[in-house]
Every structure is written in structure tokens, then in C-alpha cells.
Amino acid sequence: MTLSELTALLDEELARAKEQIDKVETASDLEEFERTFLGKRSAATAANQGIKDLAPDERPKAGQAVSGYKAAVNELIEARKAALGDGAGEVLDRLDLTLPGRGLGRGHLHLITQVQQELEEVFLGLGYEVAEGPEVETDFYNFEALNMPQAHPARSMWDTLYVKLGRPEEVVLRTHTSPVQIRVMESRQPPVYTVMPGRCYRRDTLDARHSPVFHQIEGLVVDEGITFGDLAGTIDAFTRAYFGPGHTSRLRPSYFPFTEPSAEFEVTCFVCDGAGCSVCSKTGWLELGGCGMVDPNVFRAVGYDSERYTGFAFGFGLERMAMVRYGVEHIKSFFENDIRFLKQF
Ligand code: FA5
């Protein structure tokens, strides 16, 4: 190849490159273009290899021609890259950026947490304080101080889950929030106006109204001259504040070892409106919790003067409250984590 053949070849090739650069649309087109005009089999490589066959005085000119060609082709490549936005052409081919973005959406508190907070607000409005206690409890707080000594038959009212700690059956997962009553009374003298929300555990089989893990809110009032009328009035005020005037509630005689007299607090079934259905076991009423006047033996266990003070206590199930208020037919809906259910509240 003579010097003029070499320069003519490079001129032709550069002209071809200038023609083709406009057809380059994507990053892979660009790679292909670079291979064609600067790669191993390109005119530039052939010209480079031909330089050594030229007369020595022609070689510098041939070298300049090759590097001039390469610089011109590289300039074309850089200009096109800039026009395409640094390889974005490849991405543009695959992504339709005209679609609106998918928002992440904001989460919110779980319904049971909302119910708990709302109930706390209702009771704070009635002048109560809020207290909490441990979920892993000793037999003393869960049973004994609540007027249920070892082997007391009433212990079987709660199917208890035991923790392998200490002496056998000494440590339990609390079966109710009532042990927090004892902890609050141990920590202070009356007057006491306190609610104690929290998680409880029982060896209960899952059905529409029962779950092995559930929540309660406990209430405790201790003062001079507190009567059963105060308890009934408090429950009535609370029912109306929380469920609205459309719900009827009633107290039914019952038994708890730590209260005397004791009662069960029920509201009309939200599913059948009192007619009787499977959710309320055909009674027309749904039990929300237990209550009663604090037994003097409990006051004795915490060192309160039972001649001077009287008091009442109650413990309501939060899931039951949410079921009644929002018409939820199965307790498992609260624990299944089905976002379609949770999003409604
Ligand atoms: C008690 O737990 C007593 N500690 C309540 C009490 C407190 C009485 C203070 C007197 C004075 P009971 O076992 O009935 O009582 O439970 C109270 C409420 O907790 C029930 O009415 C129900 O609403 C809820 N509950 C009980 N077991 C479950 C369960 N497995 N799943 C969901 N909710 C439950």
C-alpha cells in the first residue's frame, strides 16, 4: 500500500464513519461502530500495519494520517455518546419512563394499637393514669397475690403457659393483666386510678373469639368510699364514650377470686344485634371482660388498709372491643397480617 493509497483509504473510511454515526442509537450500536472503524479489522489497523512497508521519509506522514483518522473517529463517538446521554440509550430501549412511579405508601399503627391508645385516651379523660407490667410473670403476681394460693381451684380458669425458669411452674406468661394491679399497689398508697394495657397468653384453642395471644386493658380504682355503683357508672360512661349510644351493655353476676362481688361485662352482639348467632354462641351478648370490687385479701397482700379503702377493678379484651366496634367476625384477622384487612383502619 502506497502513502496515497493509505490516506485515500482512511479518507473513505472516515466519510463512511460520518455517514453511519447518525444511525447509532444505543450503547451496543456504539460498541459495534467502534469495532468497525477502530477495531482489529478496521482500516485504521490495516493502515497502521502498512506503515512499515513505506519509505522511511513517508512513514511520519502516514503515522499522522492514521492518528488523525483515529482522533476524528473518536470525536464522532464522544459526540454521539454525549447526545445519547452516556449509554442511557440502552436503558431507554428497555424502560418505559412515561409510566407513573409506584409510590411506597405510608404505614400506620395496627388496629389493636389504635384501640389501645384510644382506650387510654378515654380513661385519661376520666382522670386515670396508665401503667405497664411484665409479660413474663411469677406465680406470685399472676395468681397468689390475687387471692389464689397454690392449688386453688380457680387457677384452672386460666389455661396457663409456663416458662422453664426457676422452680417448676414458678414463672408464667401472664394469663391476664391483673398482676399489674398488684405491682401498682405495691409501688404506692391510695388513691389509685390506673389503667394497665398489655399482651396476655393462654393455652386457648383458636376460635372466632379466642386466640392464645391477645390483649387486655385492666382498670384499678382504690380510694375511700368507692362502691359498686362507682364501678357500674364507670363502665357505663366508658361504654358510651367508646362504642357510642347505640350499644347496650349489661353486668352479669360472675366469679373471680380477686373481686367480691364479681361481674361479667357484656355488650349486644354486633353481628346479630342481640338475636343470637354463632359469634355470640346464640346468647345475643358478647363478653368483653370481668370486673368487681377488690377482695380485701388482695389489699392485705399488698399492705393496704382494707378497713379504710375500697376499690374496684376490671379487665377487658381489646380484640373483643375491636370486633364489636368494627364488626370483625374472626379474631385471627388481627394476626394474619393481611394488608387488605389492615389497610381499612
Ligand atoms: C380475666 O382475665 C380477669 N383478670 C378480668 C378481671 C379483672 C376481673 C379485674 C375482675 C377484676 P377473663 O378470663 O374473663 O377475666 O378475661 C377477660 C376478657 O379477656 C374476656 O372477657 C375477653 O374479652 C378477653 N379474653 C380472654 N381470653 C381471651 C382469648 N383467649 N382471646 C381473646 N380474648 C380473650
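Computed from a predicted structure; not experimentally measured. (Residues numbered from 1 in each chain as written. Predicted model: local features only at pLDDT ≥ 70, side-chain atom pairs only at ≥ 80, totals over all residues. Heavy atoms only, no water.)

Caption draft 1: Expanded view of the packing of aromatic side chains. For the structure shown, the criterion picks out 20 aromatic pairs. Consider the rings of Tyr-242 and Phe-243, whose centres lie 5.0 Å apart with planes at 80 degrees: the pair is edge-to-face. Residue Tyr-242 shares its accessibility class with Phe-243, and that shared class is buried. The ring of Tyr-141 has Arg-183 sitting right over it, with the charged end atom 3.9 Å from the ring centre. Across the ring face of Tyr-242, the terminal group of Arg-325 is positioned such that the distance to the ring centre comes to 4.3 Å. (Phe/Tyr/Trp six-rings, centres within 6.5 Å; stacked < 30°, edge-to-face > 60°. Buried < 20%, exposed > 50% of the residue type's maximum accessible area, 1.4 Å probe, protein only. Lys NZ or Arg CZ within 6 Å of the ring centre and 35° of its normal.)

Caption draft 2: Structural context of the pattern of salt bridges. Considering all chains together, one arrives at 15 salt bridges under this definition. Here Arg-155 ties to Asp-139 by a salt bridge, and the two come within 2.7 Å at their closest N and O atoms. Pair noted here: Arg-155 is in the loop between helix 7 (139–142) and strand 3 (161–163) and Asp-139 is in helix 7, with a separation of 16 residues, a long-range link. One salt bridge connects Arg-340 with Asp-338, and the closest N-O pair in it is separated by 2.7 Å. Looking at Arg-340, the relative accessible area reads 64%, which means it is exposed. (Salt bridge = Lys/Arg side-chain N within 4 Å of Asp/Glu carboxyl O. Helix = DSSP H or I, 4+ residues; strand = E, 2+ residues; numbered from the N terminus.)

Caption draft 3: Molecular detail of the domain arrangement of the chain. What the domain assignment reports for the chain is domain 1 (3–84) and domain 2 (111–342). When each unit is reduced to the centre of its C-alpha atoms, the spacing between domain 1 and domain 2 is 86 Å. (Domains from an automatic or database assignment.)

Caption draft 4: Spotlight on the packing of helix 1 (residues 3–20) against helix 2 (residues 27–38). Taken N-terminus to C-terminus, the directions of helix 1 and helix 2 make an angle of 170 degrees; their axes are 11 Å apart at the nearest point. One way to sum up the angle between helix 1 and helix 2 is to call them roughly antiparallel. Every residue of helix 2 that contacts helix 1 at Glu-13, Arg-16, Ala-17 and Gln-20 is listed here: Phe-33, Thr-36 and Phe-37. Its residues assigned to classes, the contact of helix 1 with helix 2 shows 3 nonpolar, 2 polar and 2 charged. (Axes fitted to C-alpha atoms, helices over the stretch in contact; angles between N-to-C directions. Parallel < 35°, antiparallel > 145°, perpendicular 65-115°, else oblique. Contact = heavy atoms within 4.5 Å. Nonpolar A, V, L, I, M, F, W, Y, C, P; charged D, E, K, R; others polar.)

Caption draft 5: Seen up close, the environment of Val-267. Mapped onto the elements, Val-267 comes out in strand 8 (residues 259–268). Owing to a relative accessible area of 0%, Val-267 belongs among the buried residues under this scheme. Between the alpha carbons of Val-267 and Phe-243 there is a distance of 9.6 Å; along the sequence they are 24 residues apart. Non-local contacts of Val-267, meaning those with residues more than four positions away in its chain, are made with Thr-239, Phe-243, Thr-248, Ser-249, Gly-284, Trp-285, Leu-286, Leu-288 and Val-324.

Caption draft 6: Representation of the packing of helix 6 (residues 111–125) against helix 9 (residues 228–243) in the model. Remark: helix 6 packs on helix 9, axes separated minimally by 11 Å, with the N-to-C direction vectors making an angle of 130 degrees. It follows from the interaxial angle that helix 6 and helix 9 lie oblique. In this structure, helix 6 crosses over helix 9, and the sense of that crossing is right-handed. Residues Val-115, Glu-118, Leu-119, Val-122 and Phe-123 of helix 6 pack against Thr-234, Phe-238, Ala-241 and Tyr-242 of helix 9. When grouped by side-chain class, the residues that make up the contact of helix 6 with helix 9 number 7 nonpolar, 1 polar and 1 charged. (Left-handed = near helix turned anticlockwise from the far one by under 90°.)

Caption draft 7: The arrangement of the site of the ligand in detail. Neighbouring residues of the ligand: 26 residues in total, closest His-176, Ser-178, Arg-202, Asp-204 and Glu-287. For the ligand, an oxygen atom lies 3.3 Å from a polar atom in the side chain of Trp-158. Within the contact set of the ligand, an oxygen atom lies 2.5 Å away from a side-chain nitrogen or oxygen of Glu-287. In a pocket analysis with a 2 Å cut-off to the grid points, the ligand is assigned to the largest pocket. The leading source of residues in the shell around the ligand is strand 9 (residues 285–294), at 5 residues. Here the shell around the ligand is composed, by residue class, of 9 nonpolar, 11 polar and 6 charged. (Near = heavy atom within 4 Å. Polar contact = N/O pair within 3.5 Å; in protein donor to acceptor, adjacent residues only side chain to side chain. 1 Å grid on protein atoms, 1.4 Å probe; cavity = no way out; pocket = protein on both sides within 12 Å on 5 of 7 lines; lining within 4 Å. Sits in = over half its atoms within 2 Å of the grid points.)

Caption draft 8: Seen up close, unusual backbone geometry. Cis rather than trans, the peptide bond between Pro-190 and Pro-191 has omega equal to 5 degrees. Locating Pro-191 in the fold gives a position in the loop between helix 8 (178–187) and strand 5 (192–201). Notably, Asn-147 is not glycine yet its phi reads approximately 70 degrees, a positive angle. Structurally, the position occupied by Asn-147 is in the loop between helix 7 and strand 3.

Caption draft 9: Up close: the pairing of strand 10 (residues 310–317). For strand 10, the tally of buried residues reaches 7 of 8 residues, placing the bulk of the element in the interior. Taken together, the 8 bridges between strand 6 (residues 213–223) and strand 10 define a ladder with antiparallel strand orientation. In the sheet register, Val-221 faces strand 10, and the bridge partner there is Phe-312. Two strands pair when backbone bridges link them, and strand 9 and strand 10 are joined in this way by 5 bridges, in the antiparallel orientation. If you follow Met-293 over to strand 10, its bridge partner there is Phe-312. (Pairing = 2+ DSSP bridges.)

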